[in-house]
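# Structure assessment
Single-letter residue listing:
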Amino acid sequence: MGRYAVLVSGPAGSGKSTLCSALIAHANTLGRTIHLVNLDPAAERFSYTPSIDVRELITLEDVMDEMKLGPNGGLVYCFEYLLENLDWLDEQLGGFEDDYLIIDCPGQIELYTHTALLQGLLTYLSVSHSFRLCQLYLLESHFVDEVSKFFAGTLSAMSAMINLEVPWINVMSKMDLVERGETASRLGRGLRGKREMERYLDPDPLLLTEEANASTNPRFHSLNQSLVQLIDDFAMINFMPLDATSEDSVGALLSHIDHAMQSQEDEEPKEPRDMDKFEVDEGGGDELEDDETRMEAMLEREMERRAGGGIGDVEI
Ligand SMILES: Nc1nc2c(ncn2[C@@H]2O[C@H](COP(=O)(O)OP(=O)(O)OP(=O)(O)O)[C@@H](O)[C@H]2O)c(=O)[nH]1
Ligand SMILES: [Mg+2]
């Protein structure tokens, strides 16, 4: 087999921990074992006991007390500490040869978009521990129920995707709320119908532009056009619907993840890199690689995958 790790990421409350539990429960019914890894130093409880738990190394509560930091600064500190203490992680990972890990991440979006911390960790897992990786990014259906919110959610997903550069699956979570037609936003506006919502799963650029223009001042129409163009050019923004309460829905997502992982078997192995280079730098100074080159390489690979099948089927 090999070593596989699925990172479950996304904004606060998007359903990450619920999905981790649902995936583990579903895997158990198939006779498969998935181990839970908790990377959230502020997590309180889990349905399954984590096999690896960052809280054994550091907790957000202690950091906030001792370092006099707020929750966000404290979280960044916890991740820096983890990356400075990778020997702890080495020890934890030692017992998991040939295993499938599901990694529950914190909900602070800046971790995915503004810092290189998670990227450092992913590089470490793939280069030093030969993990095949896949990242899920969850967005809640009822926060993406109109075009302006769809833009905001999609751009955050895109920004995280470019920052992290691993096989990627966007997930629109809590789709059962759409099915049930529950009130969407907490502002009390009615949720769009299921069919209307589904068009956001694989958005049509023309419809998106029309809808965005219909609800904005004409001064912003060219901005709408550019945003839609950007989303369309990337050809990466589509969402897999998820209802974590449905075994079928969780099963479909697990198959999708398996497919993304499997496809990496066909890829060329990565050259081991000097771990000294993976020092954390939040100031944007010495980046691991030049951003443009990384982005070009990522886009090129994506185009190749899409042209040749491979993980082109995967919503990334
Ligand atoms: N209806 C519905 N509720 C869900 C679903 N998934 C999660 N929830 C609910 O959403 C809330 C947040 O879920 P969590 O799994 O804790 O979300 P999270 O992303 O781990 O949250 P943080 O770790 O705080 O960022 C809980 O009340 C869940 O029961 C779903 O598929 N459908
Ligand atoms: Mg959680």
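As named in an unreviewed UniProt entry, the protein chain is GPN-loop GTPase 3, taken from Pseudomicrostroma glucosiphilum. Reading the Function (unreviewed entry) entry of the UniProt record for the protein chain gives the comment "Small GTPase required for proper nuclear import of RNA polymerase II and III (RNAPII and RNAPIII). May act at an RNAP assembly step prior to nuclear import." Comment text from UniProt for the protein chain, heading Subunit (unreviewed entry), reads "Heterodimers with GPN1 or GPN2. Binds to RNA polymerase II (RNAPII)."

### Structural notes on the sheet that holds strand E2 (residues 35–38)
Read across the sheet, seven strands follow the order E3-E2-E4-E1-E5-E6-E7 without closing on themselves; strand pairing throughout is parallel. Each edge of the open sheet carries a strand with a single partner, namely strand E3 (52–53) and strand E7 (239–241). Relative to strand E4 (residues 100–104), E2 runs parallel, the two being bridged by four bridges. Each bridged residue has a counterpart across the sheet, and for asparagine 38 the counterpart in E4 is aspartate 104. Across the sheet, helix H6 (residues 117–129) is in contact with strand E1 (3–9) and strand E5 (131–140); its angle to E5 comes to roughly 160°. Of the strands in this sheet, E1, E5 and strand E6 (168–173) touch helix H7 (residues 147–164), which is tilted by about 165° from E5.

### With respect to the site of ligand 1
Close to ligand 1 lie 16 residues; Gly15, Ser17, Thr18, Gly107 and Ala244 are nearest. When contributions to the shell around ligand 1 are tallied by element, the ones reaching two or more residues are helix H1 (16–29) and helix H8 (175–179).

### Thoughts on the packing of helix H3 (residues 71–84) against H6
Helix-helix packing is described using two parameters, namely the angle between the two axes and the distance between the axes. Packing of H3 against H6 leaves a shortest axis separation of 10 Å and a crossing angle of 25°. Comparing their axes, H6 and H3 come out roughly parallel. Crossing geometry of H3 relative to H6 is assigned as left-handed. Residues Val76, Phe79, Glu80 and Leu83 of H3 form the contact with H6, whose own contacting residues are Leu117, Gly120 and Leu121. Residue composition of the contact of H3 with H6, grouped by class: five nonpolar, one polar and one charged.

### A look at unusual backbone geometry
Here the phi dihedral of serine 130 falls at roughly 55°; this positive angle occurs in a residue that is not glycine. Looking at where serine 130 falls in the secondary structure, it is placed in the loop between H6 and E5. Here the phi dihedral of lysine 174 falls at roughly 60°; this positive angle occurs in a residue that is not glycine. Within the secondary structure, lysine 174 is located in the loop between E6 and H8.

### Things to note about the packing of helix H2 (residues 60–67) against H3
Across the interface, H2 lies against H3 with an axial gap of 9 Å and an inter-helix angle of 110°. Considering their axes alone, H2 and H3 lie roughly perpendicular with respect to each other. Between H2 and H3, the residues in contact are Leu60, Val63, Met64 and Met67 and Pro71, Gly74, Leu75, Tyr77 and Cys78, respectively.

### Some remarks on the pairing of E4
Burial of E4 is extensive: five of the five residues sit out of reach of the surface. Of the two faces of E4, both are covered, the one formed by Tyr100, Ile102 and Asp104 as well as the one formed by Leu101 and Ile103.

### What to know about the domain arrangement of the protein chain
We note that the domain assignment places domain 1 (3–202 + 239–313) and domain 2 (203–237) within the protein chain. Counting residues at the interface gives 11 residues for domain 1 and 12 residues for domain 2. Here the side of domain 1 that touches domain 2 gets six residues from one element, more than from any other, and that element is H7. Residues of the side of domain 1 that touches domain 2, tallied by class, amount to six nonpolar, two polar and three charged.

Rules used throughout
Residues numbered from 1 in each chain as written. Chains lettered and ligands numbered in written order. Predicted model: local features only at pLDDT ≥ 70, side-chain atom pairs only at ≥ 80, totals over all residues. UniProt positions renumbered as here; feature names shortened; annotations may be inferred. Pairing = 2+ DSSP bridges. Helix = DSSP H or I, 4+ residues; strand = E, 2+ residues; numbered from the N terminus. Contact = placed C-beta atoms within 7 Å. Axes fitted to C-alpha atoms, helices over the stretch in contact; angles between N-to-C directions. Near = placed C-beta within 6 Å. Parallel < 35°, antiparallel > 145°, perpendicular 65-115°, else oblique. Left-handed = near helix turned anticlockwise from the far one by under 90°. Nonpolar A, V, L, I, M, F, W, Y, C, P; charged D, E, K, R; others polar. Buried ≥ 20, exposed ≤ 12 C-beta atoms within 10 Å, placed from the backbone. Domains from an automatic or database assignment.

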